[in-house]
Amino acid sequence: QFENNAGIFACDEYMAITVGAQLVLGQGWKTKKISAPSQWDTQGVAEVYKNAWDEILWDGTFRQADFTIKVAPDTVFFPDRICKHLTDLGASADDR
């Protein structure tokens, strides 16, 4: 997807977060690494989400975008379709 500018990589801004290890994708682009929880139970998964959002907030890149969308790695994601739906709805970043 990275090399084909598909999925999240077709967006104006994007971030990929990995748990436990940093990955290096095409052209040397690196994911953001967060710590793995001690256990993968409900509390551990909640900790992963909290740590991911802490990284997103610290990085701050999301502030340059009108919308932030969380996409799971196994999701088929078409940013152009999301943009069309948001435009058709008349949604803007000012709608809160």
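Please refer to the structure higher up on the page.
Residues numbered from 1 in each chain as written. Predicted model: local features only at pLDDT ≥ 70, side-chain atom pairs only at ≥ 80, totals over all residues. Heavy atoms only, no water.

**A look at the overall build of the chain**
Link 1 in the chain: Scanning the chain for helices and strands turns up two helices and two strands.
Link 2 in the chain: Along the chain, helices and strands appear, N-terminal first, in the series β-β-α-α.
Link 3 in the chain: Counting only C-alpha atoms, the chain reaches 45 × 35 × 25 Å along its principal axes.
Link 4 in the chain: Expressed as a percentage of contacts within the chain between residues at least 6 apart in sequence, the contacts between residues at least 24 apart total 28%.
Link 5 in the chain: Total accessible area on the chain stands at roughly 7500 Å², and carbon and sulfur atoms take up 51% of it.
Link 6 in the chain: In the chain, 9 positive and 14 negative side-chain charges are present, and the distance between their average locations comes to 3 Å. (Helix = DSSP H or I, 4+ residues; strand = E, 2+ residues; numbered from the N terminus. Contact = heavy atoms within 4.5 Å. Areas by Shrake-Rupley, 256 points an atom, 1.4 Å probe, with all protein chains shown as cover. Lys, Arg positive; Asp, Glu negative; His and termini not counted. Charge placed at Lys NZ, Arg CZ, Asp CG, Glu CD.)

**Details of the pattern of salt bridges**
Link 1 in the chain: One pass over the structure, following the stated rule, counts three salt bridges.
Link 2 in the chain: Residues aspartate 59 and lysine 32 are paired through a salt bridge, measuring 3.3 Å at the closest nitrogen-oxygen approach. Note that aspartate 59 is positioned in helix H1 (residues 42-59) and lysine 32 in strand S2 (residues 32-34), a separation of 27 residues in sequence.
Link 3 in the chain: What makes aspartate 59 partly exposed here is its relative accessible area of 24%.
Link 4 in the chain: Lysine 32 gets classed as partly exposed once you look at its relative accessible area, which sits at 28%.
Link 5 in the chain: Across the pair aspartate 54 and lysine 50 runs a salt bridge, and its minimum N-O distance is 2.6 Å. Of this pair, aspartate 54 and lysine 50 both sit in helix H1, separated by four residues, roughly a single helical turn. (Salt bridge = Lys/Arg side-chain N within 4 Å of Asp/Glu carboxyl O. Buried < 20%, exposed > 50% of the residue type's maximum accessible area, 1.4 Å probe, protein only.)

**Comments concerning a nonpolar patch on the surface**
Link 1 in the chain: Together, Val19, Trp40, Val45, Tyr49 and Trp53 make up an exposed nonpolar region whose accessible area comes to about 500 Å².
Link 2 in the chain: No other element matches the three residues that H1 contributes to the nonpolar patch.
Link 3 in the chain: Locating valine 45 in the fold gives a position in helix H1. (Patch = residues over 30% accessible without salt bridge, like charges linked within 9 Å, V, L, I, M, F, W, Y side chains within 5 Å.)

Limitation: the analysis is restricted to geometry and does not speak to function.
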